[in-house]
Amino acid sequence: MLGRGDHVLSLNLPEDKVLNPKKKPVTFKRRWNQLSKRQRSVIYMFGFIVVLTLFYAFSLDSKGAVISVDSVWKTREKVTLESFKSSLRESQESGNKEQIAEPPKKVFEVPHEGQVANNRADNEQVAKPPKNTIIFPEPSTPRQKAIVKAFRHSWKGYRQFAWGHDNLKPISEGYHDWFGLGLSIVDSLDTMYIMGLMEEYNEARDWVEKHLNFDINRDVNLFEVTIRVLGGLLSIYHFTRDEMYLKKSTDLADRLLPGFESESGIPYSDVNLFTRKAHAPRWSPDSSTSEVTTIQLEFRYLSWLTDNPKYENVVSKVSQLVHKLEKTDGLVPIFINANTGQFRAYSTITLGARGDSYYEYLLKQWLQTEKALDYLKDDYIQSISGMEKHLVRKTVPNGFLFLGELLGGSKDFKPKMDHLSCFMPGTLALGVHNGLPNSHLKLAEELMTTCYQTYAQQPTFLAPEITYFNIQGENSNDMYVKSNDAHNLLRPEFLESLFYMYQLTGNTTYQDWGWQIFQGFENYTKVANGYTSIGNVKNTANVRPKDMMESWFLSETLKYLYLLFGDDPKVLDLDKYVINSEAHPFPIGRANA
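None of the values given here were measured: they were computed from a predicted structure. (Residues numbered from 1 in each chain as written. Predicted model: local features only at pLDDT ≥ 70, side-chain atom pairs only at ≥ 80, totals over all residues. Heavy atoms only, no water.)

Colleague: Tell me about the sheet that holds strand 5 (residues 278-279), and name the residues and values.
Modeller: An order of 3-4-5 is seen for the three strands of this open sheet, with the pairing classed as antiparallel. Two strands lie at the open edges of the sheet, namely strand 3 (219-221) and strand 5, each paired on one side alone. Examined bridge by bridge, strand 3 and strand 4 (residues 270-272) share three bridges and lie antiparallel to one another. Its bridge partner lying in strand 4, N221 is registered against D270. (Pairing = 2+ DSSP bridges. Helix = DSSP H or I, 4+ residues; strand = E, 2+ residues; numbered from the N terminus.)

Structure follows, in structure tokens:
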């Protein structure tokens, strides 16, 4: 039926065409041309898939497996060819032939020297380390293996009872948080790496990546967080070139920078990582001199890595300001005001607490910069002369040389030496090794003997926190310990000096001394879940455990012992590395950053 607007079309064809039409043959080309563009596209796609599937199946049949790993080092996985084949067979036997099995995941292990060749013989494919990755040899001596065992014992307790917290309380099976930054994890990353403890290291690395968060509303100590957390992250970055560590380091440093926003440029002691506000300590208007002058290695190295001078600029300014201040023959008081930029009048001069690492970082900054900053070397040499003039004394009756203190503005001498001062022999030897006066080595050797005696004269063979010395001949003892000073906190300072002295002199006596001290730790500080500080080194029957394992035991004490006991004293070569105050190594020179 036609409607309005429709038209009638008539078609006149010849009669023969209508009655006897000629059938054309149906060809592939004709049928193809009759298809729409969409239909042809679908066929093209289907054909491509078929070809790709056949090619992939042929590859599997002829080669056994096709393995593609974007970056084994980045994901920390080691792919084993045989296990991958096994996984593939299991997948095919289950009827899921078109789904290729994923390579099995395994904790990545950094191969030690010589291990790569052995792995290849076992048909394993081990990824090559990224450029500049540092690989350390396996523990080579029974003593080194004993230290590794001690670390594993400590780590097991920490992992079980304090994971993610700052310090382990091994007796009460708990933890203590100081800053809430997982200090024991971050502080010991490079220790585990150097020892080859890759299972422990990888677990710690994952915690850092996923859980180390600096966006916390909490005050932290600028110095402690710099040497432990920033130093720990930068050191392990140097060894592994894992970019995650550098990103974390930069985030932390940016949060610490407000600490330098004082009127003088001398930093405040405390910084809130969330608000980024800084202030003096609650108990004093002043900062500790050692703290504000023992952050330079870390910030300078970060500037070198990021090619951003802002980090180095703030800490270099501090060193320059302190350089210009009046001193006592190179010796500095232990307190300095961040607002005025001046030392506190009449404060103590000591190479112990709050003064110690100022002298250490004078030398180490000079070395880090490839001896470019002569004012630091000059300040260091002057300070050693001042130390010999004002602080060095010998005991009666046996003439042990020690470093005392000056009280009340360099007037009164106190025959007292902190265990912290026992870092000084190693620093002196390092200076001599780098061309400074040879007389410093004799001083170092005599101080080593005295520090050793602070251990050897105690029945536990563990040194007290503070020792007093007899210089008047009032009794027959060269040294004595007050009850309040008899604690041992698992400190590393003398072990640090043993490491330096052994590497620089080759004298194996220093190894033997270290082993004796380690036996003291084993006998009187080892508990079921780790190692603990003790309250009394003077009585083997009553050491009074303090239920605390500080992060420095993992970061410094065990690391220095491990390095001390190796066959190769230069596995961490002091001509190539400068080691920060928390035992974290950095390369010497910007070109090696």
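Colleague: Please set out the sheet that holds strand 14 (residues 479-480) residue by residue, giving values where relevant.
Modeller: Across the sheet, which stays open at both edges, the three strands sit in the order 12-13-14 with antiparallel pairing between neighbours. Only two strands of the sheet have a single neighbouring strand rather than two, namely strand 12 (416-418) and strand 14. Sheet topology places strand 12 next to strand 13 (residues 466-469); three bridges connect them, and they run antiparallel. For M417, the partnering residue across the bridge sits in strand 13 and is T467.

Colleague: Got a sec to walk through the packing of helix 18 (residues 424-433) against helix 19 (residues 439-456)? Specific residues and values, please.
Modeller: Between helix 18 and helix 19, the least distance of the axes is 8 Å, while the angle of their chain directions is 160°. As far as their axial angle goes, helix 19 and helix 18 are roughly antiparallel. Our pair here, helix 18 against helix 19, has a crossing hand that is left-handed. Touching M424, P425, L428, A429 and V432 of helix 18 are H440, L441, L443, A444, L447 and M448, all from helix 19. Split by residue class, the contact of helix 18 with helix 19 holds ten nonpolar, one polar and no charged. (Axes fitted to C-alpha atoms, helices over the stretch in contact; angles between N-to-C directions. Parallel < 35°, antiparallel > 145°, perpendicular 65-115°, else oblique. Left-handed = near helix turned anticlockwise from the far one by under 90°. Contact = heavy atoms within 4.5 Å. Nonpolar A, V, L, I, M, F, W, Y, C, P; charged D, E, K, R; others polar.)

Colleague: Which residues make up the layout of surface pockets, and what values go with them?
Modeller: Its boundaries defined by the atoms lining it, the largest pocket holds a volume of some 720 Å³. F223, E224, E291, L420 and R491 are, among the 35 residues lining the largest pocket, the residues nearest its centre. If you list the elements that add at least two residues to the lining of the largest pocket, you get strand 3, helix 11 (222-240), strand 6 (286-288), helix 13 (289-292), helix 16 (356-368), helix 20 (493-505) and helix 22 (551-564). Split into classes, the residues belonging to the lining of the largest pocket amount to twelve nonpolar, seven polar and 16 charged. (1 Å grid on protein atoms, 1.4 Å probe; cavity = no way out; pocket = protein on both sides within 12 Å on 5 of 7 lines; lining within 4 Å. Points joined across faces, edges and corners; volume = space filled by probe spheres on them.)

Colleague: Before we move on, can you summarise the pattern of salt bridges with the specific residues and values?
Modeller: Where charged atoms of side chains with opposite charge meet at close range, the side chains can pair. Tallied over the full model, the rule gives 23 salt bridges. The salt bridge involving D254 is made with K310; its shortest N-O contact spans 3.2 Å. Linking D254 in helix 12 (residues 243-256) with K310 in helix 15 (residues 310-324), this pair joins segments that are 56 residues apart in sequence. Classification of D254 by relative accessible area gives partly exposed; the value is 22%. In this structure, E312 and R300 form a salt bridge, with 3.0 Å as the shortest nitrogen-oxygen distance. Of this pair, E312 sits in helix 15 while R300 sits in helix 14 (residues 296-306), and the two are twelve residues apart along the sequence. Of the two residues, E312 and R300, both sit in the buried class. One network of salt bridges, with partners in common, ties together R205, E209 and D242. (Salt bridge = Lys/Arg side-chain N within 4 Å of Asp/Glu carboxyl O. Buried < 20%, exposed > 50% of the residue type's maximum accessible area, 1.4 Å probe, protein only.)

In short, shape yes, function no, at least from these values alone.
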